[in-house]
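# Examining the three-dimensional arrangement
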Amino acid sequence: QILSYRRKKIFIHIGSIFNIFPKFILRRKFGIFLLKKFIIILAKKNHLIFEINDLPYEQAKDLHLPIENFYEEFQNIIFNNTLKSKYIFASNQMEKYVLEKYSIAPDYSQVLINGAPKLDESLGETKFMKEYNLFKVKYIYVGTMNKGRGIEELLTLFENRKSYLFLVGPDGEWLLDYLEKLSNIVYLGSY
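I will try to describe carefully the structure that is included in this document. Note that this is a predicted model, so its numbers are computed, not measured. Within any chain, residue numbers begin from 1 and follow the written order of that chain's sequence. Thresholds applied to this predicted model are a pLDDT of at least 70 for local features of residues and 80 or more for the giving and counting of side-chain atom pairs; totals over whole chains, interfaces and linings are not thresholded and use all residues. The side-chain numbers reported here are obtained from all heavy atoms of the structure, hydrogens and water having been left aside.

### What about the packing of aromatic side chains?
- For Phe, Tyr and Trp, where Trp contributes only its six-membered ring, two rings pair if their centres lie within 6.5 Å, and the inter-plane angle classes them as stacked under 30 degrees, edge-to-face over 60, or tilted in between. If you walk through the whole model with that rule in mind, you get 12 aromatic pairs.
- With centroids separated by 5.1 Å and ring planes inclined at 80 degrees, the aromatic side chains of Phe70 and Tyr71 adopt a geometry described as edge-to-face. Summarising the burial analysis for this pair, Phe70 and Tyr71 share the class buried.
- Two limits define a charge over a ring: the Lys NZ or Arg CZ must be within 6 Å of the ring centre, and within 35 degrees of the ring normal. It is Lys23 that lies over the ring of Phe18; its NZ or CZ is 5.7 Å from the centre. Each residue is placed in one exposure class: buried if its accessible area under a 1.4 Å probe, protein chains only, is under 20% of its type's maximum, exposed if it is over 50%, and partly exposed if it falls in between.

So this is what it looks like as structure tokens:
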């Protein structure tokens, strides 16, 4: 039914593609061929917007996971600049890397960092903020702790707050020295 859509905005989380095209299908050339045709048909008749939280090939390399034989071709299909698709990235570094590698114009992308927007300090300490700071609220961030994903900004936001931030995920060893001097931010490692 989705192939019959016309002039629609279709939002696709990159990970959801594996629900439509499971890995056991994509491991075969015919599976990659079907994925390519599917994306091309959708892009010709609609406006595709891909949300990119991770890059399968680079993530597998970085985390020392098995690299599937189709990952590079999968990314070539998704980041084909002739599709005129739009992309929303989870970090500035990821956006910069993809735009450069696949020759995508910056007009076709934006970054939406996981988490809340920065607090506007120019508003001063409002009544709400005074009350908020009285409580030891607990927050948790779960995800890969690679530098360049906005983790540094998140830490800055929580450094002087009376709330706790717990960090859970792989590749956060670089945080340990930094967090020694902070009592309200705790890296729990990967579970």
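### Regarding helix α8 (residues 151–158)
- Looking at α8, one finds that the buried residues are Ile151, Leu155 and Phe158. The arc that holds the buried residues of α8, viewed along the axis, is 70 degrees, so those residues lie on one side.
- Any two residues having at least one pair of non-hydrogen atoms within 4.5 Å are treated as being in contact. Numbered from the N terminus, helices here are DSSP runs of H or I no shorter than four residues, and strands are runs of E no shorter than two. Taken together, the buried residues of α8 touch β5 (138–142), β6 (164–168), α9 (176–179) and β7 (185–189). What the arc measures is the spread of directions leading from the helix axis to the C-beta atoms.

### Digging into the layout of surface pockets
- Using protein atoms alone on a 1 Å grid, points that fit a 1.4 Å probe yet trap it form a cavity, whereas open point sets bounded by protein on both sides within 12 Å along at least five of seven lines form a pocket; residues with an atom within 4 Å of a point count as lining. Grid points are joined across faces, edges and corners, and a volume is the space filled by probe spheres set on the points. Volume-wise, the second largest pocket comes out at about 310 Å³.
- Secondary-structure elements contributing two or more residues to the lining of the second largest pocket are α4 (56–62) and α6 (92–102).
- Of the residues contributing to the lining of the second largest pocket, the split by class is 4 nonpolar, 5 polar and 5 charged. Here the term charged refers only to Asp, Glu, Lys and Arg, the term nonpolar to Ala, Val, Leu, Ile, Met, Phe, Trp, Tyr, Cys and Pro, and the term polar to all other amino acids, Gly among them.

### A few points about the nonpolar core
- Nonpolar core, defined: a set of buried Ala, Val, Leu, Ile, Met, Phe, Trp, Tyr and Cys residues in which side-chain atoms within 4.5 Å join the residues together. Of all hydrophobic cores here, the largest spans 34 residues; its most connected members are Ile39, Phe50, Ile52, Phe74, Ile78 and Phe79.
- Put simply, the parts of the chain that give this core at least two residues each are β1 (9–13), α1 (17–20), α3 (29–45), β2 (47–52), α4, α5 (71–78), β3 (86–89) and α6.
- For this core, the leading source of residues is α3, giving 6 residues.
- The residues contacting Ile52, other than those within four sequence positions of it, are Ile14, Ile78, Phe79, Tyr87, Ile88, Phe89, Ala90 and Met94.
- Within the second largest apolar cluster, 12 residues are counted, among which are Met145, Leu155, Leu167 and Leu182.

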